[in-house]
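Single-letter residue listing:
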Amino acid sequence: MKYIEPLARLIASLTKLPSVGQKTAARYAYSILNSDKADTDELIEAIREVKEKVHFCSVCGNYTENEICDICATRKSSVICVVQEPKDILALEKVKDAEVLYHVLGGVISPLDHVGPNDLRIKELLARLNGIDEVILATNPDVEGEATAMYISRLIKPMGIKVTRIARGLPEGSVIEFADESTLSRALLSRTEL
């Protein structure tokens, strides 16, 4: 079956979203098509508003409606936690004891994707280190995240600032027998004294 042109365009646009395949996009498109005009207008306005009003914080790179995000404007800390994307901040903010400042790199070093250190917000990070005692590197534990963490660590350590990496290993509540070799290896290397 071939979709009529407006529906086909909507489906094609929806498949550009992460984790949305052809079938899911078609379900979303039909849902939009069958919804009330008021609901559709509300969705359109919400998309327009987020594109017009939300931008990056001039200090840390988080999403904000203001020049500086609420965290940078109100929080005082001598610890900066470096993350790949603004959405990572939301995950880390769920931790009640995480009274840190953040710095968003805007990605990771990935030669295959033609992303080098100069394409990330590393210079901006280095410019923020006056008065900072510790930098926590919270990039993803994949090849690119590890390479980026090592690169940044090599730049900061000579400055006399403590550089740490978030712990890796078995998640709480998991079963050892089902863990892969890499996860078990990291869990053993990241062990702590009781």
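Residues numbered from 1 in each chain as written. Predicted model: local features only at pLDDT ≥ 70, side-chain atom pairs only at ≥ 80, totals over all residues. Heavy atoms only, no water.

Draft legend 1. A look at the overall build of the chain. When you go through the chain residue by residue, the secondary structure sums to eight helices and six strands. Taken over the C-alpha trace, the chain has a radius of gyration of 21 Å; the compact-globule value for 194 residues is 16 Å, which it surpasses by more than 25%. With respect to the three principal axes, the spread of C-alpha positions in the chain is 60 × 50 × 35 Å. Counting the 194 residues in the chain, one finds 31% classified as buried. Of the contacts formed within the chain by residues at least 6 apart in sequence, a portion of 46% connects residues at least 24 apart. Approximately 13,600 Å² of the chain is accessible, and the part contributed by carbon and sulfur atoms is 56%. Taking the 24 positively charged and 29 negatively charged side chains of the chain as two groups, their mean positions are separated by 3 Å. (Helix = DSSP H or I, 4+ residues; strand = E, 2+ residues; numbered from the N terminus. Rg over C-alpha atoms; globule rule 2.2 N^0.38 Å. Buried < 20%, exposed > 50% of the residue type's maximum accessible area, 1.4 Å probe, protein only. Contact = heavy atoms within 4.5 Å. Areas by Shrake-Rupley, 256 points an atom, 1.4 Å probe, with all protein chains shown as cover. Lys, Arg positive; Asp, Glu negative; His and termini not counted. Charge placed at Lys NZ, Arg CZ, Asp CG, Glu CD.)

Draft legend 2. Inspection of the environment of Ser78 at higher detail. One can find Ser78 in the loop between helix 4 (70-74) and strand 3 (79-83). Residue class for Ser78 comes out partly exposed when judged on its relative accessible area of 26%. As a C-alpha pair, Ser78 and Ala29 span 49 residues in sequence and 48 Å in three-dimensional space. Setting aside anything within four residues of it in sequence, one finds Ser78 in contact with Gly131, Ile132, Asp133 and Glu134.

Draft legend 3. Broad picture of the layout of surface pockets. Of the voids in this model, the largest pocket is the one considered here, and its volume is about 170 Å³. Leu10, Leu14, Leu17, Ile32, Thr40, Leu43, Ile44 and Ile47 are the residues that line the largest pocket. At the level of secondary structure, the elements contributing two or more residues to the lining of the largest pocket comprise helix 1 (5-14) and helix 3 (37-53). Looking at the lining of the largest pocket residue by residue, the classes come out as seven nonpolar, one polar and no charged. (1 Å grid on protein atoms, 1.4 Å probe; cavity = no way out; pocket = protein on both sides within 12 Å on 5 of 7 lines; lining within 4 Å. Points joined across faces, edges and corners; volume = space filled by probe spheres on them. Nonpolar A, V, L, I, M, F, W, Y, C, P; charged D, E, K, R; others polar.)

Draft legend 4. Local environment of the pairing of strand 3. Within strand 3, five of the five residues are buried, which leaves the element mostly enclosed by the surrounding structure. Relative to strand 5 (residues 134-137), strand 3 runs parallel, the two sharing four bridges. Within the sheet, the bridge partner assigned to Val79 lies in strand 5 and is Glu134. The sheet contact formed by strand 3 and strand 4 (residues 101-104) spans four bridges and is parallel. In the strand pairing of strand 4, Val83 is matched with Val104. Tracing the backbone out of strand 3, into helix 5 (residues 86-93) and back to the parallel element strand 4 gives a crossover that is right-handed. (Pairing = 2+ DSSP bridges. Right-handed = clockwise from strand over helix to strand, strands pointing away.)

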